[in-house]
Amino acid sequence: MASLKDGIGAAGKELGAFKKFISRGNVVDMAVGVIIGGAFGKIVTSLVNDIVMPSISILLGKVNFTELVAKVGEVEIKYGNFIQTIVDFFIVALCIYIVIRIFEAFKKKEEAKPEETPAVVKSDEAILLEEIRDLLKNKQ
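Summarised in this report is the structure supplied together with it. All values derive from a computational prediction rather than experimental measurement.

## A closer look at a nonpolar patch on the surface
A surface patch of nonpolar side chains, about 810 Å² in accessible area, is lined by Val72, Val75, Ile77, Tyr79, Phe82, Ile86, Phe89 and Phe90. Every element with two or more residues in the nonpolar patch is listed here: strand E2 (75-77) and helix H3 (79-112). Among the elements that take part in the nonpolar patch, H3 stands out by supplying five residues, more than any other. By secondary structure assignment, the location of phenylalanine 89 is in helix H3. With relative accessibility at 53%, the residue phenylalanine 89 sits in the exposed group.

## Section: the pattern of salt bridges
The final tally for this structure, using the stated rule, is two salt bridges. For lysine 71, the salt bridge goes to glutamate 76, with nearest N and O atoms at 3.9 Å. Arginine 133 is paired through a salt bridge with aspartate 134; the nearest N and O atoms lie 3.3 Å apart. A relative accessible area of 42% means that arginine 133 is categorised as partly exposed. For aspartate 134, a relative accessible area of 35% gives the class partly exposed.

## Section: the packing of aromatic side chains
Counted under the stated rule, the structure contains one aromatic pair. Relative to phenylalanine 90, the ring of phenylalanine 89 lies with its centre 5.4 Å away and its plane at 65 degrees, an arrangement referred to as edge-to-face. Both residues of the pair, phenylalanine 89 and phenylalanine 90, belong to the exposed class.

## Quick look at helix H4 (residues 124-139)
The end-to-end C-alpha distance of H4, which contains 16 residues, comes to 23 Å, matching closely the 22 Å that a straight helix rising 1.5 Å per residue would cover. With zero of 16 residues buried, H4 lies mostly on the surface of the structure.

## Brief notes about the nonpolar core
Counting residues in hydrophobic clusters, the biggest one holds five residues: Val44, Val48, Met53, Phe65 and Ile91. Looking at this core element by element, the count peaks at three residues for helix H2 (residues 25-60). Discounting chain neighbours no more than four positions away, the residues touching methionine 53 are Val48, Phe65, Ile83, Gln84 and Val87.

The rules behind each value
- Residues numbered from 1 in each chain as written.
- Predicted model: local features only at pLDDT ≥ 70, side-chain atom pairs only at ≥ 80, totals over all residues.
- Heavy atoms only, no water.
- Patch = residues over 30% accessible without salt bridge, like charges linked within 9 Å, V, L, I, M, F, W, Y side chains within 5 Å.
- Areas by Shrake-Rupley, 256 points an atom, 1.4 Å probe, with all protein chains shown as cover.
- Salt bridge = Lys/Arg side-chain N within 4 Å of Asp/Glu carboxyl O.
- Helix = DSSP H or I, 4+ residues; strand = E, 2+ residues; numbered from the N terminus.
- Buried < 20%, exposed > 50% of the residue type's maximum accessible area, 1.4 Å probe, protein only.
- Phe/Tyr/Trp six-rings, centres within 6.5 Å; stacked < 30°, edge-to-face > 60°.
- Expected span 1.5 Å × (residues − 1).
- Core = buried A, V, L, I, M, F, W, Y, C linked by side-chain atoms within 4.5 Å.
- Contact = heavy atoms within 4.5 Å.

The following block contains the structure:
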């Protein structure tokens, strides 16, 4: 029975450690980023497949990039899908670049904003000491 208790105790410790790990803010932020990134990837893929590539196809003479294939013997090399994936990647990279630049601009605005210091109310003693200091400076 002692080994069963030890096993349950160890599992409880691991569960507590896992709970502590998962409740840290950066892990949750990372999970949210991955989920949003996956959804964003689907949006960009749709943008490339449904808008960008057909527009390029119209400009280049009605070429459907997904059907571009090079046959070497019996093997088909589908380089059209590869071209489409490269365009997809560059659009994702451009969007991420733009979002990061926007965040940096907001961060700079926050840093540039001077913090207002509250007005310091001086006591009578402080005012008197300043006057004495100024008088002593003027004497020298």
